[in-house]
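Below are the chains, spelled out letter by letter.
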Amino acid sequence: MRYRAVLVSLGLVGLLSIPAGAAEPVPWATYRGNPQRTGNTDNQPGPDKPAVLWIVKSRDHFIAAPVPMNDGVYLAGIGAFNRPFSAIFPLTGKSPPEPLWSKSAPPLKLGSVSSPAIANDAIVFGDGLHQDSGGVLYCFSRSSGRPLWQLPLPGDLIHLEGAPTIANSRIYIGAGAAGVLCIELDQPTLDGKAHDLATISKLQDDKWKQLVAQYEVDKKKDPDTALPPDEDQLLKFIPQRGWQKGEKKWHVDAPINLAGDTVLVPTAFLEKEKVGERAIHALDAKTGDTL
């Protein structure tokens, strides 16, 4: 695939030759693009004569696999003291490229090794590494970069290291000691009221305008104490849960897979902590029941 030749190593990103008018690939809804894990969703061959288009040098570690989207590529990095970083870089343009948007703390809490899944304008990924207690599942607008919703998952040995899978407007993801969760992509709630993602995107844009306007007022009153707004002040929508299985019994770090109506969940046993089990569980995608 012309998008599959994306190389990432700690501080270096190399992109191979990609046609400027490349068509949008089918949704990148799971790890490596499809259940077969081929990294090729358009069934087209890669370039015959690859060439480096640009290089980004960074002090961050790039561990999560990059993900192509339209004419950009998503990258997640981890800096000093587990500082999170994520960005979408354009595939073509100057070198080094300017990100279309980028995120760090405070809207992101922990470093991420989770490659995202993408459905329409929604980009979904988790954070947290093995040494972390607790993680967050995020949903951002890939066009604007605004947060749409987030699901905090507190607790020991809970982290979202594996990529999520999206199918039929549902998200399936492993969360360490929290087992595996099924989350509704659309209709997250705020103060008990559900909203679709398009409405949320508009509400977040309106809220941001209010925060910026208030900041301008505060600067006129006292420029020394006025603090610029950040995205952590935006509305906190919470997604609805479909089901959760294996909490405090399994330890799910690897990306799960979806074959038809069957969710395939790999769970590991942690020697040091003496938790989890060595198994593959096949679950019903609708109910989470063991098959």
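Residues numbered from 1 in each chain as written. Predicted model: local features only at pLDDT ≥ 70, side-chain atom pairs only at ≥ 80, totals over all residues. Heavy atoms only, no water.

Helix and strand counts for the protein stand at one helix and 19 strands. By the compact-globule yardstick of 19 Å for 291 residues, the protein fits well, its C-alpha radius of gyration being 20 Å. Dimensions of the protein, computed from the C-alpha atoms along their principal axes, are close to 60 × 55 × 35 Å. Counting only residues that meet the buried cut, the protein has 49% of its 291 residues in that class. Long-range contacts, defined here as pairs at least 24 residues apart, represent 55% of the contacts in the protein between residues at least 6 apart. Accessible surface, the protein: about 14,100 Å² in total, of which carbon and sulfur atoms supply 54%. Charge centroids of the protein, computed over 30 positive and 32 negative side chains, lie 2 Å from each other. (Helix = DSSP H or I, 4+ residues; strand = E, 2+ residues; numbered from the N terminus. Rg over C-alpha atoms; globule rule 2.2 N^0.38 Å. Buried < 20%, exposed > 50% of the residue type's maximum accessible area, 1.4 Å probe, protein only. Contact = heavy atoms within 4.5 Å. Areas by Shrake-Rupley, 256 points an atom, 1.4 Å probe, with all protein chains shown as cover. Lys, Arg positive; Asp, Glu negative; His and termini not counted. Charge placed at Lys NZ, Arg CZ, Asp CG, Glu CD.)

Pro96 follows Ser95 through a cis peptide bond whose omega is 0 degrees. Assignment of secondary structure puts Pro96 in the loop between β5 (84-90) and β6 (101-103). We note that Asn120 has phi near 55 degrees; this positive angle belongs to a residue other than glycine. For Asn120, the location among the structural elements is in the loop between β7 (117-119) and β8 (122-126).

Turning our eyes to something else, we now look at helix α1 (residues 197-221). Taking 1.5 Å as the rise per residue, α1 with 25 residues should run 36 Å; its terminal C-alpha atoms sit 36 Å apart, in good agreement. Taken as a whole, α1 has its buried residues at Leu197, Ile200, Ser201, Gln204, Leu211 and Tyr215. Next to the buried residues of α1 lie β8 and β10 (147-153). Its side-chain oxygen 3.2 Å from the backbone nitrogen of Ala198, Asp196 forms the N-cap of α1. (Expected span 1.5 Å × (residues − 1). Polar contact = N/O pair within 3.5 Å; in protein donor to acceptor, adjacent residues only side chain to side chain.)

One finds Leu137, Trp149, Ile166 and Leu185 to be the most contacted residues of the largest nonpolar core, which totals 27 residues. Of all the elements in the fold, those that place two or more residues in this core are β7, β8, β9 (135-141), β10, β12 (170-174), β13 (180-184) and α1. The greatest single-element share of this core, amounting to four residues, is contributed by β10. With sequence-adjacent residues up to four places away left out, Ile166 is seen in contact with Ala29, Ala117, Ile118, Ala119, Val124, Ile171 and Leu185. Judged by nonpolar contacts, the second largest core, of 15 residues, contains Ala64, Ile118, Ile123 and Tyr138. (Core = buried A, V, L, I, M, F, W, Y, C linked by side-chain atoms within 4.5 Å.)

This paragraph deals with the side chain of Thr165. Within the secondary structure, Thr165 is located in strand β11 (residues 165-167). Residue Thr165 is classed as buried on the basis of its relative accessible area, which comes to 5%. A distance of 3.4 Å separates a polar atom in the side chain of Thr165 from the backbone oxygen of Ile256.

The subject of this paragraph is the environment of Ala178. If you trace the backbone, Ala178 turns up in the loop between β12 and β13. In this structure the C-alpha to C-alpha distance between Ala178 and Gly134, which are 44 residues apart in sequence, comes to 9.4 Å. Those residues in contact with Ala178 that sit more than four places away from it in its chain are Ile158, Gln244, Lys245 and Glu247.

As a further point, take the sheet that holds strand β19 (residues 275-284). Sheet architecture is open: three strands sit in the order β17-β18-β19, paired in antiparallel fashion. Each edge of the open sheet carries a strand with a single partner, namely β17 (257-259) and β19. Between one strand axis and the next, the sheet turns by 20 degrees as a mean value, whatever way the strands run. Two strands pair when backbone bridges link them, and strand β18 (residues 262-270) and β19 are joined in this way by eight bridges, in the antiparallel orientation. (Pairing = 2+ DSSP bridges. Axes fitted to C-alpha atoms, helices over the stretch in contact; angles between N-to-C directions.)

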